[in-house]
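As a plain string of letters, each chain reads:
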Amino acid sequence: MAFEYPIEVRFRDLDGLGHVNNAVYLTYFETLRLKFAIELLGAVELADVPFILGEATVRYLIPVFFGDQLQGSVEVSRIGNKSFTMLYTLKRGNEIVTQGSTELIWFDFKTQRSVPIPDSFRQQVANYQGA
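Every value quoted in this text rests on a predicted model; they were computed, and no experiment measured them.

## A few points about the nonpolar core
Right, on to step 1. Formed by 30 residues in total, the largest nonpolar core has its most connected members in Tyr28, Phe36, Leu70, Phe84, Met86 and Leu90.
Right, on to step 2. Taken together, the elements giving at least two residues each to this core come down to strand 1 (3-8), helix 1 (24-41), strand 3 (69-79), strand 4 (83-92), strand 5 (95-108) and helix 2 (119-129).
Right, on to step 3. For this core, the element with the most residues is helix 1, which contributes 8 residues.
Right, on to step 4. If sequence neighbours within four positions are ignored, methionine 86 has contacts with Arg33, Phe36, Val74, Glu75, Val76, Gly100, Ser101, Thr102 and Leu104.

As structure tokens, then:
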């Protein structure tokens, strides 16, 4: 089961052509990722989220405009030793408008180094997503 969260397109999200600027989709993905992490990990503040962004891809399928109500979903598709992959889908009604993925690095902010992903995270993901 993927985590879902609503996203409203705001005026500030638009570019000069009147549709959502390409870079804003990464902010939408970030919102989904952090809301999911807070729910999954029980994080109280951002410092409780132990991973950082390593890579992102976005597929722009259909333009999105001011006032559109999007339904975003995110799920973990792969967990490696020190990194994991999340997949994103943004829909307007039943229509997929954007898809993407990010590679996240498990990170120790005290040592400023990547560290192995704990088994507890693997289990939390499996329990949440039903895998």
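## Brief notes about the packing of helix 1 against helix 2
Right, on to step 1. At their nearest, the axes of helix 1 and helix 2 sit 10 Å apart, and the two run at 100 degrees to each other. By the angle between their directions, the pair helix 1 and helix 2 is classed as roughly perpendicular. Contacts from Phe36, Glu39, Leu40 and Leu41 in helix 1 reach Phe121, Gln124, Val125, Tyr128 and Gln129 in helix 2.
Right, on to step 2. A per-class count over the contact of helix 1 with helix 2 returns 6 nonpolar, 2 polar and 1 charged.

The rules behind these values
- Residues numbered from 1 in each chain as written.
- Predicted model: local features only at pLDDT ≥ 70, side-chain atom pairs only at ≥ 80, totals over all residues.
- Heavy atoms only, no water.
- Core = buried A, V, L, I, M, F, W, Y, C linked by side-chain atoms within 4.5 Å.
- Buried < 20%, exposed > 50% of the residue type's maximum accessible area, 1.4 Å probe, protein only.
- Helix = DSSP H or I, 4+ residues; strand = E, 2+ residues; numbered from the N terminus.
- Contact = heavy atoms within 4.5 Å.
- Axes fitted to C-alpha atoms, helices over the stretch in contact; angles between N-to-C directions.
- Parallel < 35°, antiparallel > 145°, perpendicular 65-115°, else oblique.
- Nonpolar A, V, L, I, M, F, W, Y, C, P; charged D, E, K, R; others polar.

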